[in-house]
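Listed here are the chains, written in short residue letters.
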Protein chains: 2
Amino acid sequence: MARTGRPRGFDRDAAIEGAMRLFWHHGYDGTSLDRLRRGMGGISSASFYAAFGSKAALYREALDRYLASHGRVVAPLHDESLPPRERIFETLKRSARMQADTTHPTGCLVTLSALLGGDEDDAVRALTAKERASNRNRIRRCVEQAVTAGELSGLTNVEGLASLLDGILLGLSIQARDGVPSQVLTAAIETADALWNANRAR
Amino acid sequence: MARTGRPRGFDRDAAIEGAMRLFWHHGYDGTSLDRLRRGMGGISSASFYAAFGSKAALYREALDRYLASHGRVVAPLHDESLPPRERIFETLKRSARMQADTTHPTGCLVTLSALLGGDEDDAVRALTAKERASNRNRIRRCVEQAVTAGELSGLTNVEGLASLLDGILLGLSIQARDGVPSQVLTAAIETADALWNANRAR
DNA sequence: CGACTTATGGATCGATTATTCCAGATGATG
DNA sequence: CATCATCTGGAATAATCGATCCATAAGTCG
C-alpha cells in the first residue's frame, strides 16, 4: 500500500477542521467554495476536488468530525449504563455549556447548518435530520425506561415529556446563536429538573 | 391621489402571500428570484422590481405579512392584561398548533427563515433576530411579574426559567420542521405546565 | 385624440456558484 | 535516470444569482 505520487501540500485534517467551522458558522448553503478554500488554508480548486470530491462530500466529513469532537456532548445520551435521568440532563448541561462557548461558532452544527434551503440539497439536509431523529428517539426511550422502572409516574405523558426535553435541547442552538450567554442557558437547564421531579412516581 | 398609468397585472397582495410561503419553506437564501417570481404568479423580472424594489425589501414585507397572520399566535404574549402564566402558555399552545399545521410550511418563519448564511445578509437576519429578542424579553418580564406578584417563589431563577420557556418555544420550530406531529407538540406544552407549578410560591 | 404615467415581456448585465480541465510540479519506484 | 502516480496553480466551464434596461402595452387625464 505504498503511497506514490506528489505528496499533498496541505494538512487534510486541519482543512476539515476549518471546513467544519465554516459550515457550523454559515451553514451548508451559506458557505461557498471560495470561502471554503480560503478557510481551509488557501488551497486550490483542483486540490479541493482531488482531496474531497465535492462540497457535499466534504460536508459529510465535516459533520463526522463535529460528531466526533464538539458533538460528543450528547455522549451521555448514548450511554445505556447511566440512569435515564442522568443521560438526559447531563446531555443538556454539556450542550448548554458547549453551544454558548464563543471560542467556536455558537449553537449546534447538527441543528443549525442544514435546516432549510432549495430542493437540490435534500440529501445534505437528511444527514443532520437523521442525527436529530436519533437524539429524539434516545430521549424518548430514556423517558420510557424511567416510567417502566417506576421512577416516573405511570401517568406520565411519555411522548409529551420526551418532546419537551428534545425541544429544550434544540432550542439551545437558536438561543446560543442569538447570543444568550452561557450562564443563562445553564440556569435554564437547571430549572428543567423540575420537569422530571414533577413526574416522579409517589 | 388619482391612480394613473397602466394598472398592475397581478395581485400584489397574493404575490406577497406566495412569497411569504416560499421564504417560510426554503428560507431567505434558499428562495431564488426565479422561484420567487414563479411562486408569485409568474410575474416578470421588471414587474417584480417595479413592485417590490429588491429581494430583501420583499422579504421585509413577507415578514410583516407573517407577523400579521400566522405569527399572531404570540399575541397573548403581547397582551399585558392577561396574567403572566396565561400569556406564556397560551402562546406556547397556539404556537405548537400552528407550527405543526401542514396546510402551510411547518415551524416558525421568524425562527427558521433567516438564521444562517453569508455575511452579506446580516441586515436580513437582524430582522428576525429582533423579533426573537422581543419575544425573549416579553417572556422574561412575564416571569419577573409573576415573581413580583408572589405567584412564583422569590427563589425562582428568573433568567433561567425565562430562557427555558423561550427555548421550548424556539425548539418547536425545529421539531415541527422535522415532522413531529401536532398532538405530540401539544402534549409537550401541556407537560411544561409543571415548570410553572414547581416554582410556585408556597 | 394626444400627453403622461406606470406596468410588462424579454433580453441582458456582471458577479458568483460548483465543478472541470490542463500543463507542470513533486514525489516514490524500478 | 526514466517512469509513473499524484498533487497543484490557474484558467475556463456552464449554470445560476440578484438586478437592470428598453421598447411597448395599457391605463388616466386634459
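Just so you know, the residues in each chain are numbered from 1, in the order the chain's sequence is written. Whichever chain is written first is A, and whichever ligand is written first is 1; the rest continue in order. Per-residue local features are limited, in this predicted model, to residues with pLDDT of at least 70; the limit for side-chain atom pairs, both in listing and counting, is 80 or more; totals at the level of whole chains, interfaces and linings are taken over all residues. Hydrogens and water molecules were not included; the side-chain quantities draw on all heavy atoms of the structure.

### Things to note about the relation of the copies chain A and chain B
Two copies of one chain are present, and they are related through a rotation about an axis combined with an axial shift.
Alright, step 1. Note on the copies: chain A fits chain B at an RMSD of 0.1 Å, the axial shift is 0.0 Å, and the rotation between them is 180°. Such a combination of turn and shift is consistent with a two-fold rotation axis. Within chain A, the C-alpha atom positioned nearest to the axis of rotation is that of Gly171(A), 2.0 Å from it.
Alright, step 2. Any pair of residues with heavy atoms lying within 4.5 Å of one another is described as a contacting pair. Comparing contact sets, 98% of the residues at the interface of chain A also lie at the interface in chain B, consistent with an isologous, same-surface contact. Only residues with pLDDT of at least 70 in both copies count here: their C-alpha atoms drive the least-squares fit that superposes the copies.

### Looking at the domain arrangement of chain A
Residue and element names in this part refer to chain A.
Alright, step 1. Domain delimitation in this document rests on an assignment produced automatically or drawn from a domain database. In terms of domain boundaries, chain A breaks down into domain 1 (12–67) and domain 2 (72–198).
Alright, step 2. The centre of domain 1, based on its C-alpha atoms, is set 26 Å off from the matching centre of domain 2.
Alright, step 3. At the interface, 14 residues of domain 1 touch 20 residues of domain 2.
Alright, step 4. With both sides pooled, the region where domain 1 packs onto domain 2 buries about 1500 Å², and carbon together with sulfur makes up 63% of that total.
Alright, step 5. Any carboxyl oxygen of Asp or Glu that lies within 4 Å of a side-chain nitrogen of Lys or Arg is treated as forming a salt bridge with it. For the pair domain 1 and domain 2, the interface holds zero salt bridges.
Alright, step 6. A 3.5 Å cut-off defines polar contacts: any pair of N or O atoms within that distance qualifies, except that in protein one atom must be a possible hydrogen donor and the other a possible acceptor, and neighbouring residues in sequence count only when both atoms are side-chain atoms. Run the count over domain 1 and domain 2 and you get eight residue pairs in polar contact (both at pLDDT 80 or more).
Alright, step 7. Of all the secondary-structure elements, those providing two or more residues to the side of domain 1 that touches domain 2 are helix 1 (12–30) and helix 4 (55–68). Two parts placed together each lose some accessible area under a 1.4 Å probe, and adding up what both lose gives the buried area. A run of H or I in DSSP counts as a helix once it spans at least four residues, and a run of E counts as a strand once it spans at least two, with each numbered from the N terminus.

### A look at the protein's contact with DNA strand C
Alright, step 1. Here a residue is considered near a molecule or strand provided that any single heavy atom belonging to it is located within 4 Å of it. Within the structure, DNA strand C sits among 25 residues, and Leu33(A), Tyr49(A), Gly5(B), Arg6(B) and Gly9(B) are positioned closest to it.
Alright, step 2. Counting only the atoms of DNA strand C that lie within 4 Å of the protein, the sugar and phosphate share comes to 64%.
Alright, step 3. Within the contact set of DNA strand C, a base nitrogen lies 3.2 Å away from a side-chain nitrogen or oxygen of Arg6(A).
Alright, step 4. Within the backbone of Leu33(A), a nitrogen or oxygen atom sits 2.6 Å from a phosphate oxygen of DNA strand C.
Alright, step 5. Taken together, the elements giving at least two residues each to the surface near DNA strand C come down to helix 3 (45–52) of chain A together with helix 3 (45–52) of chain B.

### Details of the interface of chain A and chain B
Alright, step 1. Of the residues lining the interface, 43 residues belong to chain A; the matching set on chain B comes to 42 residues.
Alright, step 2. Both sides of the chain A and chain B interface together cover about 3300 Å² of buried area, and 66% of this is carbon and sulfur.
Alright, step 3. Where Arg35(A) meets Asp119(B), a salt bridge forms, and the shortest distance between an N and an O atom there is 3.2 Å.
Alright, step 4. Inspection of the chain A/chain B interface yields twelve residue pairs in polar contact (both at pLDDT 80 or more).
Alright, step 5. Sorting the residues of the side of chain A that touches chain B by element identifies helix 1, helix 7 (109–112), helix 8 (122–148), helix 9 (158–177) and helix 10 (182–198) of chain A as the ones contributing at least two each.
Alright, step 6. Sorting elements by how many residues they give to the side of chain A that touches chain B places helix 9 of chain A first, with 13 residues.
Alright, step 7. Three categories are distinguished: nonpolar for Ala, Val, Leu, Ile, Met, Phe, Trp, Tyr, Cys and Pro, charged for Asp, Glu, Lys and Arg, and polar for the others, with Gly belonging to the last. Classifying every residue of the side of chain A that touches chain B by side-chain character gives 19 nonpolar, 16 polar and eight charged.

### What to know about the protein's contact with DNA strand D
Alright, step 1. In the vicinity of DNA strand D lie 25 residues, with Arg6(A), Gly9(A), Leu33(B), Tyr49(B) and Lys55(B) positioned nearest.
Alright, step 2. Among the atoms of DNA strand D close to the protein, meaning within 4 Å, 66% are from sugar or phosphate groups.
Alright, step 3. Contacts to DNA strand D include Arg6(A), whose backbone N or O atom sits 3.1 Å from a base oxygen.
Alright, step 4. Counting residues per element, the surface near DNA strand D draws most heavily on helix 3 of chain B, at three residues.
Alright, step 5. Classifying every residue of the surface near DNA strand D by side-chain character gives eight nonpolar, eleven polar and six charged.

### With respect to a negative patch on the surface
Alright, step 1. Where like charges cluster on the molecular surface, the negative patch consists of Asp29(A), Glu120(A), Asp29(B) and Glu120(B).
Alright, step 2. Within the secondary structure, Glu120(A) sits in the loop between helix 7 and helix 8. What goes into a patch is any residue over 30% in relative accessible area without a salt bridge, connected to like charges within 9 Å or, for nonpolar side chains (Val, Leu, Ile, Met, Phe, Trp, Tyr), within 5 Å. Working definition of accessibility: Shrake-Rupley area with a 1.4 Å probe, residue cover restricted to the visible protein chains. In this count, Lys and Arg are taken as positive residues and Asp and Glu as negative ones, while His and the chain termini are left out. Note on charges: their place is set at NZ of Lys, CZ of Arg, CG of Asp or CD of Glu.

### With respect to the packing of aromatic side chains
Alright, step 1. Stacked, tilted and edge-to-face are the three classes applied to pairs of Phe, Tyr and Trp rings, where Trp contributes its six-membered ring and a pair requires centres within 6.5 Å; stacked means planes under 30 degrees apart, edge-to-face means over 60, and tilted covers the rest. Across all of its chains, the model carries 16 aromatic pairs over all chains by this definition.
Alright, step 2. A ring pair is formed by Phe48(A) and Tyr49(A), whose centres lie 5.0 Å apart and whose planes are at 70°; its orientation type is edge-to-face.
Alright, step 3. Throughout, exposure labels follow a simple rule: accessible area from a 1.4 Å probe, protein chains only, divided by the maximum for the residue type, with under 20% read as buried, over 50% as exposed, and the rest as partly exposed. Its relative accessible area of 40% is what places Tyr49(A) among the partly exposed residues.
Alright, step 4. When the centroid spacing of 6.1 Å and the interplanar angle of 85° are considered together, the rings of Phe89(B) and Trp196(B) count as edge-to-face. With Phe89(B) in helix 6 (residues 84–100) and Trp196(B) in helix 10 (residues 182–198), the pair connects residues that are 107 residues apart, well separated along the chain.
Alright, step 5. Of the residues examined, Phe89(B) reaches a relative accessible area of 3% and is grouped as buried.

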